[in-house]
Amino acid sequence: MTGRPLAITGALYVDMGQQARGGDRWIRPPRARYECLLCRTTEGPVTGTADVAQFVGTIRSTHHTECTANYQGARAA
């Protein structure tokens, strides 16, 4: 491996939920949250199929623009 090693900067948790038999209602709706390991903030949780899908698709880029930590590993002043 060349270059610098990769670092884990955040954790995305997704619970796919549980539908009742027949799929007509949710016993436990889908939900998601994101935890930034650099600035120690949590985004979410969000619930619902459409909201979770949008959140998962955009959270890494949207949080990166708002993160208060320096992505080289040091906290921003």
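Each remark here, short or long, concerns the structure printed above.
In this report, we go over the structure that sits alongside the text. Not measured: the values here are computed from a predicted model.

Digging into the pattern of salt bridges
For side chains bearing opposite charge, pairing can occur when the charged atoms are close. Summed over all chains, the structure comprises 3 salt bridges. Between Asp15 and Arg28 there is a salt bridge, with the nearest N and O atoms lying 3.0 Å from each other. Placement of Asp15 in strand 1 (residues 10-15) and of Arg28 in strand 3 (residues 26-28) is noted, with a sequence separation of 13 residues between them. Of the residues examined, Arg28 reaches a relative accessible area of 33% and is grouped as partly exposed. A salt bridge links Glu35 to Arg33; its shortest N-O distance comes to 2.8 Å. By relative accessible area, Arg33 is classed as partly exposed at 32%.

Examining helix 1 (residues 49-66)
Three- or four-residue spacings in an α-helix give side chains the same orientation, since the helix completes a turn every 3.6 residues. Relative to the 26 Å expected for 18 residues at 1.5 Å per residue, helix 1 spans 25 Å between its end C-alpha atoms, a close match to the ideal helical length. Approximately 55° is the largest bend angle found in helix 1, and it occurs at Thr58. Along helix 1, the residues classified as buried are Val52, Phe55, Ile59 and His63. Residues of helix 1 that are buried make contact with strand 1, strand 4 (31-36) and strand 5 (42-47).

Thresholds, definitions, all that
Residues numbered from 1 in each chain as written. Predicted model: local features only at pLDDT ≥ 70, side-chain atom pairs only at ≥ 80, totals over all residues. Heavy atoms only, no water. Salt bridge = Lys/Arg side-chain N within 4 Å of Asp/Glu carboxyl O. Helix = DSSP H or I, 4+ residues; strand = E, 2+ residues; numbered from the N terminus. Buried < 20%, exposed > 50% of the residue type's maximum accessible area, 1.4 Å probe, protein only. Expected span 1.5 Å × (residues − 1). Bend = angle between axes of the 7 residues up to and from the residue. Contact = heavy atoms within 4.5 Å.

Just geometry here; none of it tells us what the structure is for.
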